[in-house]
Amino acid sequence: MGWRTVLVSSRVKLELRLNYLVIRGDVEKKIFLDEISVLIIENTAVSLTCSLLHALSERKVKIVFCDPKRLPYSELVPYHGSYDSCEMIRQQIAWTEEQKNLIWTEIVREKILNQASLLDHYGLSESAFKLQEYASEVGIGDNSNREGHAAKVYFNALFGTSFGRGQEIKINAGLNYGYQVILACISREISANGFLLQLGIFHSNTFNSFNLASDLMEPFRPVVDDYVLKMNLDGDELDKDDKQHILRMLECNVVIDNERRTLLEAMKKYTRCALDAICASDTSLLRFFRYEF
């Protein structure tokens, strides 16, 4: 499994040469393909070869393309993620509402608990306690929307009562960028396990091609929030250094199944276990991570 996250931000040409990604610009650089996990191309002037795209897709490298504002906009998803993808898709189509609600309940509860842990880390104990209460009240399928209530308390405590997720400010740009990176990594693992990204367990937006990844990524959001909070972002747009700092979260240490792993490695194990849990209707198969704030 690759471990590098490669960010291409300048006008260069990318090509394949002897199992290496070759970056041709003012200075030529080479990166061994098997070391790459995610390739983010944020400059629309970058040119690349089809042979390189094919080689990266074979290795299940997630390739993310950015828009002119340098924000993640689309990604390349291979048709063949797993040798038994047909069987996995049959199971996915047959998922019942009971199966989906069972796992979604645990995902929501874990997300809220992670949010509470972050607030507690920053000494916001009153709000953290409120979120712990919300987590204990999560019903099947979160039918009482504890997730939404928790989000309001959480963001107001973390970024201030005047903060809103719809504001066009640098903090939101950082959060959106980080969330898109997590979404891309989870999407990669879902495809590698042979499942369709479009068919989620809670998210079902007709215009969202990544509904299942949008579901499974939820517990990882507080990691992004923590990185963005520590950056003290001010202004309107992210710069290259800001993005590189956010990308470093993929290399941070977490604990999953009593093992110390990078966040990127944890996403791999978590996603596989979550998919197994849905198919088996067995929450004991879930493996959540613990982030060291």
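Residues numbered from 1 in each chain as written. Predicted model: local features only at pLDDT ≥ 70, side-chain atom pairs only at ≥ 80, totals over all residues. Heavy atoms only, no water.

Peer 1: Which residues make up the overall build of the chain, and what are the values?
Peer 2: The helix and strand tally for the chain stands at ten helices and eleven strands. For 293 residues, the compact-globule formula gives about 19 Å, and the C-alpha radius of gyration of the chain, at 19 Å, lands near that figure. If one aligns the C-alpha atoms of the chain with their principal axes, the spans along those axes are about 55 × 50 × 40 Å. Each of the 293 residues in the chain was classed as buried or not, and the buried ones make up 49%. (Helix = DSSP H or I, 4+ residues; strand = E, 2+ residues; numbered from the N terminus. Rg over C-alpha atoms; globule rule 2.2 N^0.38 Å. Buried < 20%, exposed > 50% of the residue type's maximum accessible area, 1.4 Å probe, protein only.)

Peer 1: How would you explain the pattern of salt bridges if you had to name every residue and give the values?
Peer 2: Under the criterion given, the structure shown has 24 salt bridges. Members of the salt-bridge network, linked through shared partners, are Asp-257, Glu-259, Arg-261, Lys-269 and Arg-287. (Salt bridge = Lys/Arg side-chain N within 4 Å of Asp/Glu carboxyl O.)

Peer 1: Could you give me a rundown of the nonpolar core, with the residues and numbers involved?
Peer 2: Ile-182, Ile-186, Met-249 and Leu-263 are the most contacted members of the largest nonpolar core, which totals 75 residues. Ranked by the residues each element gives to this core, the list is headed by helix H6 (residues 170–192), at twelve residues. Core analysis: the second largest hydrophobic core is formed by 17 residues, Val-8, Leu-14, Ala-55 and Val-61 among them. (Core = buried A, V, L, I, M, F, W, Y, C linked by side-chain atoms within 4.5 Å.)

Peer 1: Pulling in residues and values, what's your account of the side chain of Lys-111?
Peer 2: Relative to the elements of secondary structure, Lys-111 occurs in helix H3 (residues 97–121). According to the relative accessible area criterion, Lys-111 is buried, its value standing at 9%. Discounting chain neighbours no more than four positions away, the residues touching Lys-111 are Glu-147, Glu-218, Pro-219, Arg-221 and Pro-222. (Contact = heavy atoms within 4.5 Å.)

Peer 1: Would you mind going over H6 in detail, with residue names and values included?
Peer 2: Here H6 contains 23 residues, and its C-alpha end-to-end distance of 33 Å stays within 8% of the 33 Å for a straight helix at 1.5 Å per residue. Across the 23 residues that make up H6, a large majority, 20, are buried. Count one or two residues on from H6 and you reach Gly-194, which has phi positive near 90°. (Expected span 1.5 Å × (residues − 1).)

Peer 1: Describe in detail the packing of H3 against helix H4 (residues 125–136), supporting the description with residues and values.
Peer 2: Helix-helix packing is described using two parameters, namely the angle between the two axes and the distance between the axes. Packing of H3 against H4 brings their axes to within 8 Å, and their N-to-C directions diverge by 170°. Viewed along their axes, H3 and H4 adopt a mutual orientation that is roughly antiparallel. Helix-helix and strand crossings are classified by hand; for H3 and H4 the assignment is left-handed. Contact residues: H3 offers Arg-109, Ile-112, Leu-113, Gln-115, Ala-116, Leu-119 and Asp-120, while H4 offers Ser-125, Ser-127, Ala-128, Leu-131, Gln-132, Tyr-134 and Ala-135. Here the contact of H3 with H4 is composed, by residue class, of eight nonpolar, four polar and two charged. (Axes fitted to C-alpha atoms, helices over the stretch in contact; angles between N-to-C directions. Parallel < 35°, antiparallel > 145°, perpendicular 65-115°, else oblique. Left-handed = near helix turned anticlockwise from the far one by under 90°. Nonpolar A, V, L, I, M, F, W, Y, C, P; charged D, E, K, R; others polar.)

Peer 1: Explain the sheet that holds strand E3 (residues 20–24) to me, using residue names and the numbers behind them.
Peer 2: Read from one edge of the open sheet, four strands run E4-E3-E2-E6, paired in mixed fashion. The open sheet has two edge strands, strand E4 (29–32) and strand E6 (47–48), and neither has a second partner. Bridge analysis of strand E2 (residues 13–17) against E3 gives five bridges, and the strand direction is antiparallel. Residue Arg-17 lies in a different strand from E3, and its bridge partner there is Tyr-20. (Pairing = 2+ DSSP bridges.)

Peer 1: Pulling in residues and values, what's your account of the packing of helix H8 (residues 221–231) against helix H9 (residues 240–247)?
Peer 2: Two elements in contact, H8 and H9, have axes separated by 10 Å at closest approach and are oriented at 140°. The orientation of H8 relative to H9 falls into the category oblique. By crossing handedness, the relation of H8 to H9 is classed as right-handed. Contacts between H8 and H9 involve Tyr-227, Val-228 and Met-231 from the former and Asp-242, His-245 and Ile-246 from the latter. For the contact of H8 with H9, the per-class residue count stands at four nonpolar, one polar and one charged.

Any functional reading would require information beyond the geometric quantities listed.
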